[in-house]
Amino acid sequence: MTIHSLVDKNRDVLLQLEKKLDYHFKDLSFLQKALIHSSFAFEQGELLNDDNETMEFLGDAVLDLAVGHGLYQYYPAMKEGDLTRLRAALVNERHLATMAKELGLGDYLLLGKGEEASNGRGKPSILSCAFEAVMGAIFLDGGYAPAAACAQQQFTPWFKKRQKTILQADAKSSLQELLQERFNEAPRYVLEHSEGPDHAKTFFVTVRFRGEILGDGNAPSKKEAEQRAAAMALLKVDTFDFSN
């Protein structure tokens, strides 16, 4: 069994995956190799001494650059630290596995019997590696430009979704850094009121700066409510006029 014989055998499903990726391979053997897990290659022995691990390595590098470039273009004013955190939230095992599942990538994998029996098609580690390998395959087949275009097509819809998560995770620090940098002043958090019994309170907080309410949030703790208020403020801080 060789890569080329596998391509001949699986051509229809490979062409199906091509359509999902919106990329036409000049050499389908690159795509086929990206779908071969090491457990499958091991079971074939010397008949197939090839798997997707080196393509995974290459695809990881492609994704770091392509997603980083995409974020830089999408958020030209975002600070380096936020861009780095956002890229890390997008290019990691958990999120890549989610994207692989959206493509149905698990259905196309060639797995060994052991991995097949242990639900290998649903394992995040296998799916994320396969996603990276597919990006590496596109790079090898067509160069950086089509690989970057495919990556950005897949990732751009996630930019805003992940941005909200990242900003909210450390929104207070980000807001303080922003306002200190621009105005050399810090925001102020005000507990407006709380509702509910002592064991299940909800706290309502606003974040204020120079007399303006920048955002508000509510949560079961004051700390989380402040983070939510800060996250809201970060999304619209540029719309406020603090010149007075």
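Given the structure is predicted, the values throughout are model-derived calculations rather than measurements. (Residues numbered from 1 in each chain as written. Predicted model: local features only at pLDDT ≥ 70, side-chain atom pairs only at ≥ 80, totals over all residues. Heavy atoms only, no water.)

Turning next to the pairing of strand β1 (residues 188-195). Relative to strand β2 (residues 202-209), β1 is paired through seven bridges, and the arrangement is antiparallel. Following the sheet pairing, H193 is matched in β2 by F204. Here β1 hands over to β2 after six residues, with G196 in that stretch at a positive phi of 100°. (Pairing = 2+ DSSP bridges. Helix = DSSP H or I, 4+ residues; strand = E, 2+ residues; numbered from the N terminus.)

Looking at where G112 falls in the secondary structure, it is placed in the loop between α6 (93-103) and α7 (113-117). The buried category is assigned to G112, whose relative accessible area is 0%. C-alpha separation for the pair G112 and T156, spaced 44 residues apart in sequence, amounts to 34 Å. (Buried < 20%, exposed > 50% of the residue type's maximum accessible area, 1.4 Å probe, protein only.)

Moving on: the environment of T202. Mapped onto the secondary structure, T202 falls in strand β2. When residues no more than four places from it in sequence are discounted, the contact partners of T202 are H193, S194, E195, N218 and A219. (Contact = heavy atoms within 4.5 Å.)

The final tally for this structure, using the stated rule, is 10 salt bridges. Residue D8 is joined to R11 by a salt bridge in which the shortest nitrogen-to-oxygen separation is 3.3 Å. With D8 and R11 both in helix α1 (residues 3-21) and three residues apart, the pair spans about one turn of that helix. By relative accessible area, D8 is classed as exposed at 56%. (Salt bridge = Lys/Arg side-chain N within 4 Å of Asp/Glu carboxyl O.)

For the rest of this paragraph, the subject is the sheet that holds β1. Spatial ordering of the open sheet is given by β1-β2-β3, a layout of three strands whose pairing is antiparallel. At either end of the open sheet lies a strand with only one pairing partner, and these are β1 and β3 (212-219). Between one strand and the next, the sheet's axes are offset by a mean angle of 20°, whatever the strand orientation. Against the sheet, helix α10 (residues 171-183) engages β1, β2 and β3, with an angle of about 15° to β2. The strands that helix α11 (residues 222-236) touches are β1, β2 and β3; relative to β3, the one it contacts most, it runs at about 140°. (Axes fitted to C-alpha atoms, helices over the stretch in contact; angles between N-to-C directions.)

What follows concerns unusual backbone geometry. Of note in this structure, N119 is not a glycine but carries a positive phi near 60°. Here N119 lies in the loop between α7 and α8 (124-142). Residue classification places N119 among the exposed residues on the basis of a relative accessible area of 54%. One non-glycine residue, R210, adopts positive backbone phi at about 50°. Looking at the element boundaries, R210 is found in the loop between β2 and β3. What makes R210 partly exposed here is its relative accessible area of 39%.

Okay, the side chain of E132 next. Tracing the backbone shows E132 in helix α8. Buried charge without a partner: E132 forms no salt bridge, and the closest opposite charge is R87, 11 Å away. Dropping the residues within four chain positions of it, E132 is found in contact with M55, E56, G59, D60, L63 and L96. (Lys, Arg positive; Asp, Glu negative; His and termini not counted.)

Before going further, it helps to examine the side chain of E18. By secondary structure assignment, the location of E18 is in helix α1. For the buried E18, which has no salt bridge, the nearest side chain bearing the opposite charge is R11, at an N-O separation of 8.0 Å. Beyond its immediate sequence surroundings of up to four residues, E18 is in contact with Y23, H24, F25, L28 and L31.

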